Amino acid sequence: MFNFFKIGIEFDFHSIWVIIGILLSLLFSIFYYRFTIPKISNNLRFLLVFIRFIAISSIVLLLANARIVFHSQSEEKPKNLIFIDNSASIVNSDSSLISKKINQIISEFQNFNNYENQFIFFGDTLSGINENQQLPNFSSKSTNFWNIYEFLKNSETKIENIFIFSDGIANDGKIPKSEFEEIPIKINVIASGNEKLKSNLEIVSVTHNHSFFQNKDNPINGRIFNNSNQNQSFSIFVNLGKEKLFTQNVNLQANEISEFNFNIHPKNSGISNLRVEISKIPDELTYTDNFYFAPIEIEKSKRQILLITSSPNFDLTFIKQSLQKDSTFNVNSIFVKFDQTQLTPEQKKLISEAKTTFFINFPTKEISNQIVKQVSELTANKSVFIQFTNFTDLQKLKTLVNDFPSKQKLLNFPNSQITSVQNHPIFDGINIQNKNFLASFPPINLNSFPQNVNPNILIYSQNGQNIFPILEISQNSVNNRAYFYASEIWRWKLQSSLENGVYFDIFFDNLSKWLITDSKKNRLMVNAQKPIISQNETAIFNLSVMDQLQQPSENHQIKLLIDNNLVTNFKIIEKQKGNFQIELENLIPGKHTINFQAISENDSLNKSLEILVLQENIEKQNLTINYNYLQLIAQLTNGKFTTLNQFNVNDYLSEKQKPKLVIRENNIRIFPNEFLLIFVIFALSFEWFLRKRKNLL
């Protein structure tokens, strides 16, 4: 290493301008005192010119920020950081061979004199080679990778290479993963420890929709890890309840993660258990991670919706067009003629298969009682939508729907306006300012309706002290029902179009979904990928949440409580709308009750399950290298990954590597700004004093 200096004077702008500024200050000073009244001696004139020149020149130097610059050049060796795992798990087996190999590698690094090598041992803390410990003793009871991350993140030293010798078994502190991407230097990782891997296959993850459709493609995706030092052949089985749906043979390379993707076609609807399983291989370390379970609801491929009316009308046309925009609905309609006394077989089939029935201006007084009775029997205990108008026959309607909520005489009341709309899932996607379109058609007046608005009345209008319902709902364990006391619904469609919105379509889509909802249906489903885990193992949960319309939710916030204590340090990954993967780390040994909460503005769901964490001392077990984690570190930093037996220092360092020339610059101001400013003030004051004495002011 050698140094030499190069000294120069620099300014904030080109030196020619500084010279011009000094010359101009000299010329100005001479010109200013060329003639004076009264006349002064030449000595005094010279002194005043000099003082004025020095003052103005000092101002020029002050503006130019004049400074002396020292340039030093030196040679620096490239620096290597070598982190060596000093934990007991490194030498659980083959202790003498592994210890000897690592010590040999340390000597090989030290032989490269053209590098500056800094060895850092890590376990529960970081420490370097010193007089008392020249070599690692592999005695640390824990391993903390977070200390390495913090050291590298806060280091201000220029580093050429980083090496980590470790078995990747971390059991202390937070385990950095994606955080290593913040390190701008490649990290070369050398797997060190017991390489005699036991065979193990593991289902890493499985993702799918929260519900499946009958006789339709339902995708299932997942990943499998071959934690083994040899290639493995095995089979993947997928069952839905007792129904075997899929089998696939797989060949997977050693220490490789493979993805699987397939579609299943359930034959039956209802609630069933999805089971994904991979076959057991010889000498498998554990078989508990070869399974995946999840409760699944299987629905018919399309939800059957039927519209019944006694004659074609605009309301029927617009409602049908709106419902048909939802691809999950299969919408049909029936026209019951005035002279018809029996339902046709086709009409009976459509009514029987319908999940929800819309009665549009039905029944009227012209419809026979026999037809009304048949329809009533076929729609019993089903969800219905009833539009009640001036043409609806109240007595026949009571036969059709025996729990019809209103028994008052109906009169047309065309001038009322909606004064309030209550919050309900039916109005999701419709801003409160845009709900006025609901008032664009005339409601029906129910005389003597209760003054207090019933919670089941979502839309109502008011005239004076009288309140008149427009939309009323009821929900029980058997069905959902919506009662519309309004006519000319088609005006809604026109009003919605005039407001450049799709509120009409959104409203009827939401209403239809609400009618189909099952109040007993579980809208929050959670399952643990492993109900029993080991200490320091990440607990992974699959969570599906549906809103009040039983659609995948995007508005619910997920909260966790472990043994009634709120948890905030968990990782949540949204696989798709309403489907999440939740990861919990550093759970203490024992049995834990985990409460999952899904909370939105008007909804709250929760579900609890138990998970067992087994206690173990990871450093005292005959554990194998965690290749997956070590490879991850190398991949995130674009470094190299290899094993201890394959590592060769010559692949990373070169004897031809020359020291790098480092140029440093040190700036020293010729005159401190404060000094120049004081000098200028003093010079100008002294000049003023001399001028005052000679009456030159």
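Remember, predicted model here, so these are calculated numbers, not experimental data.

Rules behind the numbers
Residues numbered from 1 in each chain as written. Predicted model: local features only at pLDDT ≥ 70, side-chain atom pairs only at ≥ 80, totals over all residues. Heavy atoms only, no water. Helix = DSSP H or I, 4+ residues; strand = E, 2+ residues; numbered from the N terminus. Contact = heavy atoms within 4.5 Å. Areas by Shrake-Rupley, 256 points an atom, 1.4 Å probe, with all protein chains shown as cover. Buried < 20%, exposed > 50% of the residue type's maximum accessible area, 1.4 Å probe, protein only. Arc of directions from axis to C-beta. Polar contact = N/O pair within 3.5 Å; in protein donor to acceptor, adjacent residues only side chain to side chain. Pairing = 2+ DSSP bridges. Axes fitted to C-alpha atoms, helices over the stretch in contact; angles between N-to-C directions. Salt bridge = Lys/Arg side-chain N within 4 Å of Asp/Glu carboxyl O. Patch = residues over 30% accessible without salt bridge, like charges linked within 9 Å, V, L, I, M, F, W, Y side chains within 5 Å.

(A) Expanded view of the overall build of the protein. Check the secondary structure of the protein and you find 12 helices and 36 strands. Taking the intrachain contacts of the protein between residues at least 6 apart in sequence as the baseline, contacts between residues at least 24 apart amount to 75%. Per element, the accessible surface of the protein, about 36,200 Å² overall, is 50% carbon and sulfur.

(B) A look at helix α6 (residues 345-353). Taken as a whole, α6 has its buried residues at Q347, L350 and I351. Buried residues of α6, viewed axially, fall in a sector of 95°; they line one side. Those residues of α6 that are buried are in contact with β16 (303-309), β17 (329-335) and α7 (369-379).

(C) Up close: helix α5 (residues 314-323). Restricting attention to buried positions, one finds in α5 the residues D315, L316, F318, I319, S322 and L323. You can read the cap of α5 off the contacts: a side-chain oxygen lies 3.2 Å from the backbone nitrogen of D315, and it is on N313.

(D) View of the side chain of T357. Within the element layout of this structure, T357 appears in strand β18 (residues 356-360). Beyond its immediate chain neighbours, meaning those up to four positions away, T357 contacts L306, I308, T379, S383, V384 and F385.

(E) Just the sheet that holds strand β12 (residues 243-252), in detail. One open sheet holds the five strands; their spatial order is β9-β15-β14-β11-β12, and the pairing between them is mixed. A single partner strand is all that each edge strand has here, and the edge strands are β9 (211-213) and β12. Ignoring strand direction, the axes of neighbouring strands in this sheet form an average angle of 25°. Bridging between strand β11 (residues 232-240) and β12 involves nine bridges; their strand directions are antiparallel. Following the sheet pairing, F237 is matched in β12 by T247.

(F) The arrangement of the pattern of salt bridges in detail. One pass over the structure, following the stated rule, counts seven salt bridges. Here D505 makes a salt bridge to K325, at a shortest N to O gap of 2.6 Å. Here the residue D505 occupies a position in helix α10 (residues 503-516), and K325 occupies one in the loop between α5 and β17, the gap between them amounting to 180 residues. Of the charged contacts in the structure, one is a salt bridge between E610 and K591, with a shortest N-O distance of 3.9 Å. With E610 in strand β34 (residues 603-614) and K591 in strand β33 (residues 590-600), this residue pair connects regions lying 19 residues apart in the sequence.

(G) Structural view of the sheet that holds β33. Read from one edge of the open sheet, five strands run β27-β34-β33-β29-β30, paired in mixed fashion. The strands lining the two open edges of the sheet, one partner per strand, are β27 (532-534) and β30 (565-567). This sheet shows a mean twist of 35° between the axes of neighbouring strands, independent of strand direction.

(H) Region of interest: a nonpolar patch on the surface. Judged by side-chain polarity, F13, I16, W17, I19, I20, L23, L24, L27, I59 and L63 come together as a nonpolar surface patch covering roughly 990 Å² of accessible area. Looking at the nonpolar patch, the elements with two or more residues in it are α1 (15-32) and α2 (42-64). The element contributing the most residues to the nonpolar patch is α1, with seven residues. The topology assignment puts I59 in helix α2. Residue classification places I59 among the partly exposed positions, given a relative accessible area of 36%.

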